[in-house]
Amino acid sequence: MTSRPKPAAGAEQPGGGREKYKLFQRKSYGQNMAMQDFHGNKPEHEGARDVEQGGNGDRYNHNAHKVEKHIEPDGESGRKWLHPIKMFAIMGRSSSKVSMMTNVLWPFTIAAMVLHWGFPEKELWIFITAYIGMIPAANLVGFAGQELARKIPMVIGVVMETTLGSIVEIVLFMVLIKGDKAGENIHIIQAAILGSILANLLLCLGLCFFIGGLFHPEQTFHEAISEVGSNLMLVAGFGLVIPTIYYQSLQGNPEFAGQDFNKGALEISRAAAIILLVAFLVYCFFQIRSHHGLYEDILKADEHRDVDRHRDLVKPKLTFTEAVLAVLVGIMFVSLMAIFLVQNIEFIVTHHGISDSFMGLILIPVVEKAAEHLTAMDEAYDNQMNFALSHVLGASIQTALLNTPLVVIVGWGLGKDMSLKFELFDAVVLILAIMVVGNFLRDEKSDYLEGALSVFVYVLIAVSAFYYPSPPELAGGTEGGGEAAHRLLKFS
(Lines give C-alpha, C1' and ligand atoms only; values in the text may rest on other atoms or scores of the structure.)
Protein backbone atom coordinates (compact mmCIF):
# COMPACT_ATOMS: atom_id res chain seq x y z
CA MET A 1 0.00 0.00 0.00
CA THR A 2 1.54 3.31 -1.05
CA SER A 3 0.86 6.54 0.76
CA ARG A 4 -0.44 9.46 -1.21
CA PRO A 5 1.55 12.73 -1.01
CA LYS A 6 0.13 15.36 1.26
CA PRO A 7 -1.51 18.29 -0.49
CA ALA A 8 0.35 21.57 -0.46
CA ALA A 9 -0.64 23.97 2.26
CA GLY A 10 -3.36 26.30 1.16
CA ALA A 11 -4.73 23.89 -1.47
CA GLU A 12 -8.34 24.47 -2.43
CA GLN A 13 -9.31 20.80 -2.29
CA PRO A 14 -7.69 17.58 -1.02
CA GLY A 15 -5.16 16.22 -3.49
CA GLY A 16 -5.65 19.13 -5.86
CA GLY A 17 -2.91 21.42 -4.58
CA ARG A 18 -0.08 19.27 -5.90
CA GLU A 19 -1.68 18.88 -9.34
CA LYS A 20 -2.35 22.58 -9.47
CA TYR A 21 1.28 23.27 -8.54
CA LYS A 22 2.62 20.94 -11.27
CA LEU A 23 0.50 22.73 -13.86
CA PHE A 24 1.71 26.09 -12.57
CA GLN A 25 5.35 24.92 -12.64
CA ARG A 26 5.18 23.78 -16.26
CA LYS A 27 3.54 27.02 -17.32
CA SER A 28 5.96 29.22 -15.39
CA TYR A 29 9.03 27.41 -16.65
CA GLY A 30 7.84 27.73 -20.25
CA GLN A 31 7.33 31.45 -19.75
CA ASN A 32 10.73 31.89 -18.15
CA MET A 33 12.58 30.09 -20.94
CA ALA A 34 11.20 32.66 -23.35
CA MET A 35 13.53 35.14 -21.66
CA GLN A 36 16.78 33.40 -22.53
CA ASP A 37 17.40 35.41 -25.74
CA PHE A 38 17.07 38.71 -23.92
CA HIS A 39 19.47 41.41 -25.15
CA GLY A 40 18.33 44.86 -24.24
CA ASN A 41 14.61 44.41 -24.96
CA LYS A 42 12.07 43.30 -22.42
CA PRO A 43 10.46 39.99 -23.34
CA GLU A 44 6.78 39.35 -23.23
CA HIS A 45 6.89 37.23 -20.10
CA GLU A 46 9.57 39.11 -18.21
CA GLY A 47 9.18 38.92 -14.49
CA ALA A 48 7.39 35.58 -14.44
CA ARG A 49 8.29 33.94 -11.15
CA ASP A 50 8.24 30.33 -10.10
CA VAL A 51 5.96 31.05 -7.16
CA GLU A 52 2.39 30.09 -6.38
CA GLN A 53 -0.05 31.96 -4.18
CA GLY A 54 -1.87 29.71 -1.74
CA GLY A 55 -5.52 30.10 -0.79
CA ASN A 56 -4.59 31.58 2.58
CA GLY A 57 -2.17 34.13 1.12
CA ASP A 58 0.99 32.08 1.67
CA ARG A 59 3.56 31.83 -1.12
CA TYR A 60 4.99 28.54 -2.40
CA ASN A 61 8.06 28.27 -4.59
CA HIS A 62 9.12 25.84 -7.34
CA ASN A 63 9.65 23.04 -4.79
CA ALA A 64 6.26 23.64 -3.12
CA HIS A 65 8.09 25.04 -0.09
CA LYS A 66 6.31 27.74 1.83
CA VAL A 67 8.26 30.97 1.25
CA GLU A 68 9.03 32.73 4.51
CA LYS A 69 8.70 36.48 4.89
CA HIS A 70 11.67 38.51 3.54
CA ILE A 71 13.07 35.45 1.70
CA GLU A 72 13.13 35.31 -2.10
CA PRO A 73 11.34 32.25 -3.59
CA ASP A 74 14.48 30.94 -5.35
CA GLY A 75 16.34 30.90 -2.04
CA GLU A 76 13.70 29.21 0.12
CA SER A 77 15.08 25.92 1.48
CA GLY A 78 11.93 24.61 3.14
CA ARG A 79 13.84 24.30 6.41
CA LYS A 80 14.71 26.54 9.36
CA TRP A 81 17.70 27.12 11.57
CA LEU A 82 20.61 24.65 11.55
CA HIS A 83 20.82 21.03 10.35
CA PRO A 84 24.53 20.08 10.42
CA ILE A 85 24.32 16.86 8.36
CA LYS A 86 22.23 18.41 5.59
CA MET A 87 24.37 21.55 5.70
CA PHE A 88 27.62 19.64 5.11
CA ALA A 89 25.99 17.51 2.40
CA ILE A 90 24.84 20.62 0.50
CA MET A 91 28.23 22.31 0.90
CA GLY A 92 29.92 19.14 -0.36
CA ARG A 93 27.88 19.16 -3.58
CA SER A 94 28.66 22.90 -4.04
CA SER A 95 27.32 24.83 -7.04
CA SER A 96 28.97 22.95 -9.94
CA LYS A 97 31.17 19.96 -10.71
CA VAL A 98 34.34 22.05 -10.86
CA SER A 99 33.43 23.77 -7.62
CA MET A 100 32.67 20.42 -6.00
CA MET A 101 36.06 19.03 -7.08
CA THR A 102 37.87 21.72 -5.08
CA ASN A 103 36.56 20.11 -1.88
CA VAL A 104 39.12 17.33 -2.25
CA LEU A 105 41.76 19.96 -1.39
CA TRP A 106 40.47 20.52 2.17
CA PRO A 107 43.20 18.25 3.64
CA PHE A 108 45.74 20.87 2.51
CA THR A 109 43.88 23.50 4.55
CA ILE A 110 44.03 21.34 7.66
CA ALA A 111 47.67 20.43 6.98
CA ALA A 112 48.60 24.12 6.72
CA MET A 113 47.17 24.81 10.18
CA VAL A 114 48.90 21.76 11.70
CA LEU A 115 52.24 22.73 10.17
CA HIS A 116 51.91 26.39 11.13
CA TRP A 117 51.23 25.72 14.81
CA GLY A 118 53.06 22.40 15.20
CA PHE A 119 56.06 22.70 12.89
CA PRO A 120 56.74 26.43 12.29
CA GLU A 121 60.23 25.67 10.93
CA LYS A 122 58.71 24.00 7.81
CA GLU A 123 58.29 27.30 5.95
CA LEU A 124 58.24 25.82 2.45
CA TRP A 125 55.58 23.23 3.25
CA ILE A 126 53.49 25.76 5.16
CA PHE A 127 53.52 28.04 2.11
CA ILE A 128 52.64 25.23 -0.31
CA THR A 129 49.81 23.79 1.79
CA ALA A 130 48.39 27.24 2.59
CA TYR A 131 48.49 28.23 -1.08
CA ILE A 132 46.60 25.10 -2.15
CA GLY A 133 44.39 25.16 0.97
CA MET A 134 43.20 28.65 0.06
CA ILE A 135 41.30 27.25 -2.95
CA PRO A 136 38.62 25.15 -1.15
CA ALA A 137 38.26 27.80 1.55
CA ALA A 138 37.69 30.52 -1.06
CA ASN A 139 35.26 28.23 -2.87
CA LEU A 140 33.26 27.83 0.35
CA VAL A 141 32.99 31.62 0.67
CA GLY A 142 31.80 31.83 -2.93
CA PHE A 143 29.22 29.05 -2.60
CA ALA A 144 27.87 30.26 0.74
CA GLY A 145 27.69 33.78 -0.66
CA GLN A 146 25.64 32.49 -3.60
CA GLU A 147 23.26 30.68 -1.26
CA LEU A 148 22.84 33.79 0.87
CA ALA A 149 22.38 36.01 -2.19
CA ARG A 150 19.49 33.81 -3.39
CA LYS A 151 17.52 34.77 -0.31
CA ILE A 152 17.62 38.54 -0.83
CA PRO A 153 16.72 40.84 -3.76
CA MET A 154 18.78 39.99 -6.81
CA VAL A 155 20.78 43.20 -7.34
CA ILE A 156 21.63 43.52 -3.65
CA GLY A 157 22.59 39.85 -3.66
CA VAL A 158 25.11 40.29 -6.48
CA VAL A 159 26.67 43.29 -4.72
CA MET A 160 26.82 41.33 -1.48
CA GLU A 161 28.51 38.34 -3.19
CA THR A 162 31.17 40.65 -4.58
CA THR A 163 31.68 42.33 -1.23
CA LEU A 164 32.14 38.99 0.51
CA GLY A 165 34.86 38.17 -1.98
CA SER A 166 36.59 41.43 -1.02
CA ILE A 167 36.52 40.87 2.73
CA VAL A 168 39.69 38.76 2.72
CA GLU A 169 41.51 41.42 0.73
CA ILE A 170 40.38 44.13 3.16
CA VAL A 171 41.52 42.05 6.14
CA LEU A 172 44.93 41.48 4.56
CA PHE A 173 45.36 45.17 3.77
CA MET A 174 44.43 46.17 7.32
CA VAL A 175 46.78 43.66 8.96
CA LEU A 176 49.64 44.69 6.69
CA ILE A 177 49.18 48.43 7.23
CA LYS A 178 48.79 47.95 11.00
CA GLY A 179 52.01 45.90 11.21
CA ASP A 180 54.02 48.26 9.02
CA LYS A 181 57.09 49.68 10.76
CA ALA A 182 59.14 51.55 8.17
CA GLY A 183 57.13 51.36 4.97
CA GLU A 184 58.12 47.79 4.11
CA ASN A 185 54.52 46.54 3.91
CA ILE A 186 53.23 49.44 1.83
CA HIS A 187 54.80 48.12 -1.33
CA ILE A 188 53.12 44.72 -1.05
CA ILE A 189 49.76 46.45 -0.54
CA GLN A 190 50.35 48.47 -3.70
CA ALA A 191 51.33 45.32 -5.61
CA ALA A 192 48.26 43.49 -4.30
CA ILE A 193 45.96 46.33 -5.37
CA LEU A 194 47.19 46.21 -8.95
CA GLY A 195 47.51 42.42 -9.00
CA SER A 196 43.92 41.98 -7.84
CA ILE A 197 42.56 44.30 -10.55
CA LEU A 198 44.68 42.69 -13.29
CA ALA A 199 43.71 39.17 -12.22
CA ASN A 200 40.02 40.07 -12.41
CA LEU A 201 40.07 42.12 -15.60
CA LEU A 202 42.40 40.00 -17.70
CA LEU A 203 42.65 36.48 -16.28
CA CYS A 204 39.17 35.92 -14.87
CA LEU A 205 37.27 37.83 -17.56
CA GLY A 206 39.42 36.20 -20.24
CA LEU A 207 38.65 32.73 -18.89
CA CYS A 208 34.93 33.63 -18.75
CA PHE A 209 34.99 34.66 -22.41
CA PHE A 210 37.03 31.59 -23.38
CA ILE A 211 34.99 28.99 -21.48
CA GLY A 212 31.68 30.55 -22.46
CA GLY A 213 32.83 30.84 -26.08
CA LEU A 214 33.72 27.16 -26.28
CA PHE A 215 30.13 26.15 -25.48
CA HIS A 216 28.29 29.11 -27.04
CA PRO A 217 29.48 30.50 -30.43
CA GLU A 218 28.80 34.09 -29.42
CA GLN A 219 27.63 35.43 -26.09
CA THR A 220 25.96 38.78 -25.48
CA PHE A 221 25.61 41.05 -22.49
CA HIS A 222 23.77 44.25 -21.70
CA GLU A 223 25.38 47.66 -22.16
CA ALA A 224 24.24 48.77 -18.71
CA ILE A 225 26.56 46.15 -17.22
CA SER A 226 29.53 46.51 -19.57
CA GLU A 227 29.52 50.27 -20.16
CA VAL A 228 29.04 51.30 -16.55
CA GLY A 229 31.65 48.79 -15.40
CA SER A 230 34.30 49.72 -17.97
CA ASN A 231 33.73 53.47 -17.51
CA LEU A 232 34.04 53.16 -13.74
CA MET A 233 37.25 51.17 -14.11
CA LEU A 234 38.73 53.82 -16.40
CA VAL A 235 37.89 56.56 -13.87
CA ALA A 236 39.24 54.41 -11.03
CA GLY A 237 42.44 53.71 -12.95
CA PHE A 238 42.87 57.43 -13.58
CA GLY A 239 42.46 58.14 -9.86
CA LEU A 240 44.92 55.42 -8.88
CA VAL A 241 47.73 56.53 -11.19
CA ILE A 242 47.47 60.32 -10.69
CA PRO A 243 49.91 60.29 -7.71
CA THR A 244 52.35 58.21 -9.78
CA ILE A 245 52.16 60.59 -12.74
CA TYR A 246 52.68 63.57 -10.41
CA TYR A 247 55.73 62.04 -8.76
CA GLN A 248 57.35 60.66 -11.93
CA SER A 249 56.83 63.94 -13.81
CA LEU A 250 58.50 66.12 -11.17
CA GLN A 251 61.05 63.93 -9.44
CA GLY A 252 63.21 63.46 -12.54
CA ASN A 253 62.90 67.05 -13.77
CA PRO A 254 66.25 68.93 -13.57
CA GLU A 255 64.42 72.15 -12.75
CA PHE A 256 63.30 70.65 -9.44
CA ALA A 257 66.54 68.85 -8.57
CA GLY A 258 66.97 68.24 -4.87
CA GLN A 259 63.28 68.54 -4.02
CA ASP A 260 61.33 65.65 -2.53
CA PHE A 261 57.86 65.15 -3.94
CA ASN A 262 56.91 62.16 -1.78
CA LYS A 263 54.82 64.32 0.57
CA GLY A 264 52.91 65.82 -2.35
CA ALA A 265 52.23 62.34 -3.77
CA LEU A 266 51.00 61.25 -0.34
CA GLU A 267 48.58 64.18 -0.04
CA ILE A 268 47.26 63.58 -3.56
CA SER A 269 46.79 59.89 -2.70
CA ARG A 270 44.68 60.78 0.33
CA ALA A 271 42.56 63.20 -1.70
CA ALA A 272 42.15 60.56 -4.42
CA ALA A 273 41.10 57.99 -1.80
CA ILE A 274 38.29 60.23 -0.54
CA ILE A 275 37.08 60.96 -4.08
CA LEU A 276 37.19 57.30 -5.10
CA LEU A 277 35.27 56.29 -1.97
CA VAL A 278 32.56 58.85 -2.76
CA ALA A 279 32.46 57.50 -6.33
CA PHE A 280 31.88 54.01 -4.92
CA LEU A 281 28.95 55.22 -2.81
CA VAL A 282 27.42 56.95 -5.84
CA TYR A 283 27.86 53.75 -7.86
CA CYS A 284 26.13 51.69 -5.14
CA PHE A 285 23.23 54.17 -5.02
CA PHE A 286 22.97 54.04 -8.82
CA GLN A 287 22.92 50.24 -8.91
CA ILE A 288 20.88 49.43 -5.81
CA ARG A 289 18.53 52.38 -5.59
CA SER A 290 17.95 54.73 -8.54
CA HIS A 291 18.43 52.18 -11.37
CA HIS A 292 17.53 49.09 -9.39
CA GLY A 293 14.71 48.13 -11.73
CA LEU A 294 16.97 48.15 -14.79
CA TYR A 295 19.57 45.88 -13.21
CA GLU A 296 16.86 43.65 -11.76
CA ASP A 297 15.32 43.11 -15.20
CA ILE A 298 18.70 42.42 -16.81
CA LEU A 299 19.77 39.89 -14.18
CA LYS A 300 16.39 38.15 -14.10
CA ALA A 301 16.50 37.70 -17.86
CA ASP A 302 20.09 36.49 -17.64
CA GLU A 303 19.13 34.00 -14.96
CA HIS A 304 16.69 32.32 -17.34
CA ARG A 305 19.28 31.89 -20.07
CA ASP A 306 20.60 28.89 -18.16
CA VAL A 307 19.00 25.79 -19.75
CA ASP A 308 19.79 23.83 -16.57
CA ARG A 309 17.98 26.28 -14.36
CA HIS A 310 15.14 23.87 -13.63
CA ARG A 311 17.70 21.42 -12.22
CA ASP A 312 19.38 24.13 -10.19
CA LEU A 313 16.07 25.23 -8.70
CA VAL A 314 15.26 21.81 -7.27
CA LYS A 315 18.65 21.36 -5.59
CA PRO A 316 18.58 21.39 -1.77
CA LYS A 317 19.51 24.79 -0.38
CA LEU A 318 21.03 26.09 2.82
CA THR A 319 18.83 27.84 5.35
CA PHE A 320 19.55 31.49 6.08
CA THR A 321 21.30 30.51 9.34
CA GLU A 322 23.37 27.84 7.60
CA ALA A 323 24.39 30.23 4.81
CA VAL A 324 25.55 32.91 7.26
CA LEU A 325 27.47 30.30 9.29
CA ALA A 326 29.11 28.89 6.16
CA VAL A 327 30.18 32.39 5.06
CA LEU A 328 31.77 33.06 8.46
CA VAL A 329 33.57 29.70 8.52
CA GLY A 330 34.81 30.20 4.96
CA ILE A 331 36.11 33.71 5.72
CA MET A 332 37.89 32.39 8.80
CA PHE A 333 39.72 29.67 6.81
CA VAL A 334 40.56 32.02 3.93
CA SER A 335 41.95 34.62 6.34
CA LEU A 336 44.09 32.01 8.10
CA MET A 337 45.47 30.70 4.81
CA ALA A 338 46.23 34.23 3.63
CA ILE A 339 48.07 35.07 6.85
CA PHE A 340 50.09 31.84 6.66
CA LEU A 341 51.05 32.73 3.09
CA VAL A 342 52.35 36.21 3.77
CA GLN A 343 54.17 35.14 6.93
CA ASN A 344 56.23 32.59 5.00
CA ILE A 345 56.93 34.49 1.80
CA GLU A 346 60.21 35.74 3.32
CA PHE A 347 61.61 32.22 3.18
CA ILE A 348 60.24 31.51 -0.32
CA VAL A 349 61.68 34.66 -1.85
CA THR A 350 65.01 34.55 -0.07
CA HIS A 351 65.78 30.88 -0.71
CA HIS A 352 63.90 30.17 -3.96
CA GLY A 353 64.43 33.36 -6.00
CA ILE A 354 60.80 34.34 -6.64
CA SER A 355 60.64 38.05 -7.48
CA ASP A 356 58.58 40.34 -5.26
CA SER A 357 56.72 41.72 -8.29
CA PHE A 358 55.73 38.25 -9.43
CA MET A 359 54.68 37.25 -5.91
CA GLY A 360 52.65 40.39 -5.27
CA LEU A 361 51.16 40.94 -8.72
CA ILE A 362 50.51 37.34 -9.80
CA LEU A 363 50.75 34.52 -7.24
CA ILE A 364 48.88 36.03 -4.29
CA PRO A 365 45.97 37.68 -6.20
CA VAL A 366 45.28 34.57 -8.30
CA VAL A 367 44.66 32.33 -5.30
CA GLU A 368 43.07 35.12 -3.24
CA LYS A 369 40.41 35.63 -5.92
CA ALA A 370 39.78 31.91 -6.51
CA ALA A 371 36.16 32.02 -5.27
CA GLU A 372 35.14 34.92 -7.50
CA HIS A 373 36.89 33.35 -10.49
CA LEU A 374 35.15 30.00 -10.06
CA THR A 375 31.75 31.67 -9.65
CA ALA A 376 32.17 33.88 -12.72
CA MET A 377 33.46 31.04 -14.93
CA ASP A 378 30.54 28.81 -13.91
CA GLU A 379 28.12 31.61 -14.86
CA ALA A 380 29.84 32.08 -18.23
CA TYR A 381 29.55 28.33 -18.87
CA ASP A 382 25.81 28.63 -18.17
CA ASN A 383 25.57 31.54 -20.65
CA GLN A 384 24.84 34.02 -17.86
CA MET A 385 27.29 36.66 -19.05
CA ASN A 386 25.60 39.57 -17.30
CA PHE A 387 26.06 37.78 -13.98
CA ALA A 388 29.67 36.91 -14.85
CA LEU A 389 30.46 40.50 -15.81
CA SER A 390 28.77 41.79 -12.66
CA HIS A 391 31.05 39.64 -10.54
CA VAL A 392 34.26 40.29 -12.47
CA LEU A 393 33.83 44.04 -12.98
CA GLY A 394 32.21 44.41 -9.57
CA ALA A 395 35.22 42.83 -7.85
CA SER A 396 37.62 45.11 -9.74
CA ILE A 397 35.52 48.17 -8.94
CA GLN A 398 35.42 47.28 -5.25
CA THR A 399 39.19 46.82 -5.13
CA ALA A 400 39.79 50.18 -6.82
CA LEU A 401 36.98 52.26 -5.28
CA LEU A 402 36.51 50.67 -1.84
CA ASN A 403 39.42 48.51 -0.63
CA THR A 404 42.16 50.87 -1.84
CA PRO A 405 40.64 54.08 -0.40
CA LEU A 406 39.97 52.28 2.89
CA VAL A 407 43.59 51.20 3.37
CA VAL A 408 44.85 54.69 2.44
CA ILE A 409 42.47 56.35 4.92
CA VAL A 410 43.23 53.81 7.69
CA GLY A 411 46.94 54.32 7.10
CA TRP A 412 46.37 58.07 7.33
CA GLY A 413 44.68 57.60 10.69
CA LEU A 414 47.52 55.38 11.93
CA GLY A 415 50.17 57.83 10.81
CA LYS A 416 51.43 55.56 8.01
CA ASP A 417 52.59 56.97 4.68
CA MET A 418 50.28 54.75 2.61
CA SER A 419 50.34 56.38 -0.81
CA LEU A 420 49.33 55.38 -4.33
CA LYS A 421 52.76 56.14 -5.77
CA PHE A 422 53.19 53.00 -7.88
CA GLU A 423 56.10 52.05 -10.08
CA LEU A 424 55.71 53.56 -13.56
CA PHE A 425 55.64 50.06 -15.06
CA ASP A 426 52.71 49.10 -12.84
CA ALA A 427 50.73 52.26 -13.60
CA VAL A 428 51.14 51.91 -17.38
CA VAL A 429 50.21 48.22 -17.30
CA LEU A 430 47.04 49.00 -15.30
CA ILE A 431 45.80 51.66 -17.72
CA LEU A 432 46.59 49.53 -20.76
CA ALA A 433 44.74 46.56 -19.23
CA ILE A 434 41.65 48.70 -18.57
CA MET A 435 41.74 49.97 -22.16
CA VAL A 436 42.08 46.44 -23.58
CA VAL A 437 39.13 45.14 -21.58
CA GLY A 438 37.03 48.21 -22.38
CA ASN A 439 37.61 47.66 -26.07
CA PHE A 440 36.50 44.01 -25.80
CA LEU A 441 33.32 45.05 -23.97
CA ARG A 442 32.39 47.81 -26.42
CA ASP A 443 30.43 45.65 -28.90
CA GLU A 444 28.45 43.87 -26.12
CA LYS A 445 29.52 40.49 -27.51
CA SER A 446 32.21 37.99 -26.58
CA ASP A 447 33.76 34.82 -27.97
CA TYR A 448 36.61 32.49 -27.09
CA LEU A 449 39.12 34.46 -29.21
CA GLU A 450 38.71 37.59 -27.09
CA GLY A 451 39.03 35.43 -24.00
CA ALA A 452 42.26 33.85 -25.22
CA LEU A 453 43.70 37.27 -26.09
CA SER A 454 42.91 38.61 -22.59
CA VAL A 455 44.67 35.64 -21.00
CA PHE A 456 47.65 36.13 -23.31
CA VAL A 457 47.95 39.75 -22.18
CA TYR A 458 47.89 38.58 -18.55
CA VAL A 459 50.61 36.01 -19.26
CA LEU A 460 52.78 38.74 -20.84
CA ILE A 461 52.38 40.85 -17.69
CA ALA A 462 53.23 37.81 -15.55
CA VAL A 463 56.44 37.18 -17.50
CA SER A 464 57.40 40.87 -17.20
CA ALA A 465 56.65 40.85 -13.46
CA PHE A 466 58.84 37.76 -13.02
CA TYR A 467 61.86 39.62 -14.41
CA TYR A 468 61.03 43.09 -13.10
CA PRO A 469 63.63 44.15 -10.48
CA SER A 470 62.78 45.39 -7.04
CA PRO A 471 63.18 49.12 -6.32
CA PRO A 472 66.84 49.83 -5.43
CA GLU A 473 65.97 51.27 -2.03
CA LEU A 474 64.23 48.01 -1.15
CA ALA A 475 66.56 45.53 -2.78
CA GLY A 476 69.39 46.79 -0.62
CA GLY A 477 71.99 46.01 -3.23
CA THR A 478 71.18 42.30 -3.43
CA GLU A 479 71.30 40.40 -6.66
CA GLY A 480 68.21 39.72 -8.75
CA GLY A 481 64.83 41.29 -8.84
CA GLY A 482 63.06 39.69 -5.88
CA GLU A 483 65.31 39.84 -2.84
CA ALA A 484 63.25 42.52 -1.07
CA ALA A 485 59.92 40.72 -1.05
CA HIS A 486 60.58 39.11 2.31
CA ARG A 487 60.52 42.57 3.87
CA LEU A 488 57.46 43.57 1.90
CA LEU A 489 55.38 40.59 2.90
CA LYS A 490 56.38 39.92 6.48
CA PHE A 491 53.97 40.50 9.34
CA SER A 492 55.37 42.16 12.41
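In case you missed it, the structure is sitting above this.
This write-up is about the structure you can find in this document. Note that this is a predicted model, so its numbers are computed, not measured.

**A word on the pattern of salt bridges**
Phase 1 of the analysis: According to the stated counting rule, one finds one salt bridge in the structure shown.
Phase 2 of the analysis: Taking the shortest distance from any N to any O, the salt bridge between Glu-267 and Arg-270 comes out at 3.8 Å. Linking Glu-267 with Arg-270, this pair stays in helix α9 (residues 262-290), spanning three residues, or about one helical turn.
Phase 3 of the analysis: Assessed through its relative accessible area of 9%, Arg-270 is described here as buried.

**Details of the packing of α9 against helix α15 (residues 385-413)**
Phase 1 of the analysis: Packing of α9 against α15 brings their axes to within 8 Å, and their N-to-C directions diverge by 135°. With respect to each other, α9 and α15 are oriented oblique. The way α9 lies across α15 gives a crossing that is left-handed. Across from Ser-269, Arg-270, Ala-273, Ile-274, Leu-276, Leu-277, Ala-279, Phe-280 and Tyr-283 in α9, the residues of α15 making contact are Ile-397, Gln-398, Ala-400, Leu-401, Leu-402, Pro-405, Val-408, Ile-409 and Trp-412.

**A look at the environment of Ala-272**
Phase 1 of the analysis: In this structure, Ala-272 sits in helix α9.
Phase 2 of the analysis: Separated by 34 residues in sequence, Ala-272 and Phe-238 have C-alpha atoms that sit 9.7 Å apart.

**Considering empty space enclosed by the protein**
Phase 1 of the analysis: Per the stated rule, a full pass over the model turns up eight cavities of 30 Å³ or more.
Phase 2 of the analysis: Each pocket or cavity is described by its volume, and for the largest cavity that value is around 190 Å³.
Phase 3 of the analysis: If you go around the largest cavity, you meet 16 residues; those closest to its centre are Gly-142, Glu-161, Gly-165, Ala-371 and Glu-372.
Phase 4 of the analysis: Contributing elements (two or more residues each) for the lining of the largest cavity: α5 (123-150), α6 (154-178), α14 (370-381) and α15.
Phase 5 of the analysis: Its residues assigned to classes, the lining of the largest cavity comprises seven nonpolar, six polar and three charged.
Phase 6 of the analysis: The volume enclosed by the second largest cavity comes to roughly 80 Å³.
Phase 7 of the analysis: Taken together, Ala-224, Ile-225, Val-228, Gly-229, Tyr-283, Gln-287, Tyr-295, Leu-389, Ser-390, Leu-393, Gly-394 and Ile-397 form the lining of the second largest cavity.

**With respect to a nonpolar patch on the surface**
Phase 1 of the analysis: On the surface, Leu-214, Phe-215, Tyr-381, Tyr-448, Leu-449, Leu-453 and Phe-456 cluster together to form a nonpolar patch covering roughly 740 Å² of accessible area.
Phase 2 of the analysis: Secondary structure elements with two or more residues in the nonpolar patch: α7 (186-215) and α17 (448-467).
Phase 3 of the analysis: Counting residues per element, the nonpolar patch draws most heavily on α17, at four residues.
Phase 4 of the analysis: Within the fold, Phe-456 resides in helix α17.

**Focus: unusual backbone geometry**
Phase 1 of the analysis: Of note in the backbone geometry, Asn-383 takes a positive phi value of approximately 65° without being a glycine.
Phase 2 of the analysis: In this structure, Asn-383 sits in the loop between α14 and α15.
Phase 3 of the analysis: The phi torsion at Glu-444 lies on the positive side, around 60°, for a residue other than glycine.
Phase 4 of the analysis: Counting through the fold element by element, Glu-444 comes out in the loop between α16 (424-441) and β4 (445-446).
Phase 5 of the analysis: Given the relative accessible area of 18%, Glu-444 is considered buried.

**What about the packing of α14 against α15?**
Phase 1 of the analysis: Viewed as axis vectors pointing N to C, α14 and α15 meet at an angle of 160°, and their least axial separation amounts to 7 Å. Between α14 and α15, the angle is such that the two are roughly antiparallel. The crossing of α14 and α15 is left-handed. Of the residues in α15, those touching α14 at Glu-372, Thr-375, Ala-376, Glu-379 and Ala-380 are Met-385, Phe-387, Ala-388, His-391, Val-392 and Ala-395.
Phase 2 of the analysis: Partitioned by chemical class, the residues of the contact of α14 with α15 number seven nonpolar, two polar and two charged.

Conventions we followed
- Residues numbered from 1 in each chain as written.
- Predicted model: local features only at pLDDT ≥ 70, side-chain atom pairs only at ≥ 80, totals over all residues.
- Heavy atoms only, no water.
- Salt bridge = Lys/Arg side-chain N within 4 Å of Asp/Glu carboxyl O.
- Helix = DSSP H or I, 4+ residues; strand = E, 2+ residues; numbered from the N terminus.
- Buried < 20%, exposed > 50% of the residue type's maximum accessible area, 1.4 Å probe, protein only.
- Axes fitted to C-alpha atoms, helices over the stretch in contact; angles between N-to-C directions.
- Parallel < 35°, antiparallel > 145°, perpendicular 65-115°, else oblique.
- Left-handed = near helix turned anticlockwise from the far one by under 90°.
- Contact = heavy atoms within 4.5 Å.
- 1 Å grid on protein atoms, 1.4 Å probe; cavity = no way out; pocket = protein on both sides within 12 Å on 5 of 7 lines; lining within 4 Å.
- Points joined across faces, edges and corners; volume = space filled by probe spheres on them.
- Nonpolar A, V, L, I, M, F, W, Y, C, P; charged D, E, K, R; others polar.
- Patch = residues over 30% accessible without salt bridge, like charges linked within 9 Å, V, L, I, M, F, W, Y side chains within 5 Å.
- Areas by Shrake-Rupley, 256 points an atom, 1.4 Å probe, with all protein chains shown as cover.

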